[in-house]
Amino acid sequence: QSDLSKLRFTAKFEDEFEIVNGLVSIEELIGYVEEQINKGVIESDTDDYNEMMIRHEEYKYILNGYNSENSSFKAVRKDFTTYLEEEYLRKYFGSVVLIEKLKETRVFSGFTRVNSTNNKSDIKMLSSEEVNWLPAVEVYGEGVFLEFNKELLKEWSNKSSEKFNRLLVRYHENMKKRSPENDKRPISSEFIMIHTFAHLLIKRLCFKTGYGSSSLRERIYYSSDEKYKMCGVLIYTSSGDSEGSLGGLVNQGKQNNLGLLIKESIEDAVWCSSDPICSDIGR
């Protein structure tokens, strides 16, 4: 057991109250979690299910926005009313959220050798003895969140399903040969599209903002589950200091820049990363 009788944390519960750098006893925190479990608010079936639940809570929180100077998270949601390329943006996206302040906590829980794995039983722990702590770091930065037009994305997926199904079959066959012990990943054509779009956007943002590609990260929010429906992507800085970053990423999400940014990102995809080899083969 830890000798610490208090836990320092930042939290916000159902918009009722906010605790910033406050002190809450471990007994109170455990009691609250147990109460929520008993109410059925928190479910604990599988790791994948819990990950989906947590990600869905993040998704809702980002879309709600939170405009506070005294928090480690500040976000403003925009609906393209004042944006250049308004019609173009409304066609493909539901909204954009400009995240001026963001804090990410990274915890190093284990590692693998040679090959990565989705099987948690294959991940080696950091200590041969049981420990009650893990190394972690807090990273401050900024981000841009885009909510996709769900109906349009579903329509596109239906039209492209045959092509993507063949692609997914080949992917799973190759993964089975490489790592037969790993479980089959539930990947959809919508997820592939959002993931591809995120990388195109990161590539263009590096050119526009001056950030290195290793300084920008993506977090995809997608689920077709009726209970946890999500359809969005967050691009954020991952190397800010305690003061965050300089606002270049958020600026690219504002009314004069976002439409052009997305158009340029898509135009970049016309050229294959292996050109001129691919273009020569295509001839």
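For the structure, see preceding data.
Residues numbered from 1 in each chain as written. Predicted model: local features only at pLDDT ≥ 70, side-chain atom pairs only at ≥ 80, totals over all residues. Heavy atoms only, no water.

Draft legend 1. Quick peek at the pattern of salt bridges. In the structure shown here, the tally under the stated rule is 19 salt bridges. Arginine 55 is the salt-bridge partner of glutamate 51, the closest N and O atoms lying 2.8 Å from each other. Here the residue glutamate 51 and the residue arginine 55 both occupy positions in helix 2 (residues 47–64), the gap between them amounting to four residues, near one helical turn. The closest approach of N and O atoms between glutamate 147 and arginine 77, which form a salt bridge, is 3.2 Å. One end of the pair, glutamate 147, is in strand 7 (residues 136–148); the other, arginine 77, is in strand 3 (residues 74–78), and 70 residues separate them in sequence. Look at arginine 77 and you get partly exposed, because its relative accessible area is 42%. (Salt bridge = Lys/Arg side-chain N within 4 Å of Asp/Glu carboxyl O. Helix = DSSP H or I, 4+ residues; strand = E, 2+ residues; numbered from the N terminus. Buried < 20%, exposed > 50% of the residue type's maximum accessible area, 1.4 Å probe, protein only.)

Draft legend 2. Geometry of the side chain of threonine 237. With respect to the secondary-structure elements, threonine 237 resides in strand 9 (residues 230–237). For threonine 237, a relative accessible area of 2% corresponds to the buried category. Polar contacts involving the side chain of threonine 237 include one to the main-chain amide nitrogen of glutamate 142, which spans 2.9 Å. (Polar contact = N/O pair within 3.5 Å; in protein donor to acceptor, adjacent residues only side chain to side chain.)

Draft legend 3. Fine view of unusual backbone geometry. The phi angle at phenylalanine 80 is positive, at roughly 75°, despite the residue not being glycine. For phenylalanine 80, the location among the structural elements is in the loop between strand 3 and helix 3 (86–92). Of note, glutamate 85 is a non-glycine position whose phi angle comes to about 60°, a positive value. Within the secondary structure, glutamate 85 sits in the loop between strand 3 and helix 3. For glutamate 85, a relative accessible area of 36% corresponds to the partly exposed category.

Draft legend 4. Main features of the environment of tyrosine 221. By the element assignment, tyrosine 221 lies in strand 8 (residues 216–223). Judged by relative accessible area, tyrosine 221 falls into the buried class, the value being 1%. Remark: the alpha-carbon pair of tyrosine 221 and glycine 232, spanning eleven residues in sequence, is separated by 5.0 Å. Polar contacts involving the side chain of tyrosine 221 include one to the side chain of glutamate 58, which spans 2.7 Å. Side chain to side chain, tyrosine 221 and arginine 219 meet in a polar contact 3.3 Å long.

Draft legend 5. Up close: helix 4 (residues 150–178). Taking 1.5 Å as the rise per residue, helix 4 with 29 residues should run 42 Å; its terminal C-alpha atoms sit only 34 Å apart, a clear shortfall. Maximum bend of helix 4: about 65°, positioned at serine 161. Three or more residues of helix 4 are buried, namely Leu153, Ser157, Ser160, Phe164, Leu168 and His172. In this fold, the buried residues of helix 4 make contact with helix 5 (189–209) and strand 9. (Expected span 1.5 Å × (residues − 1). Bend = angle between axes of the 7 residues up to and from the residue. Contact = heavy atoms within 4.5 Å.)

Draft legend 6. Focus on the pairing of strand 7. Pairing of strand 4 (residues 93–107) with strand 7 involves twelve bridges; the strand directions are antiparallel. Bridging across to strand 7, serine 95 finds its partner in glutamate 147. Bridge count between strand 7 and strand 9: five bridges; the pairing is antiparallel. From the neighbouring strand, leucine 146 faces strand 9, where its bridge partner is valine 233. (Pairing = 2+ DSSP bridges.)

Draft legend 7. Up close: the pairing of strand 4. The pairing of strand 3 with strand 4 spans five bridges and is classified as antiparallel. Opposite lysine 74, over in strand 4, you have lysine 101 as the bridge partner.

Draft legend 8. A look at the sheet that holds strand 4. With antiparallel pairing, five strands are arranged side by side in an open sheet as 3-4-7-9-8. Strand pairing shows two members of the sheet lacking a second neighbour, strand 3 and strand 8, which therefore form its edges. If you compare each strand with its neighbour and ignore which way they point, the axes differ by 20° on average. Where strand 8 lies against strand 9, eight bridges are found, and the strand directions are antiparallel. Paired with tyrosine 221 across the strands is glycine 232, a residue of strand 9. (Axes fitted to C-alpha atoms, helices over the stretch in contact; angles between N-to-C directions.)

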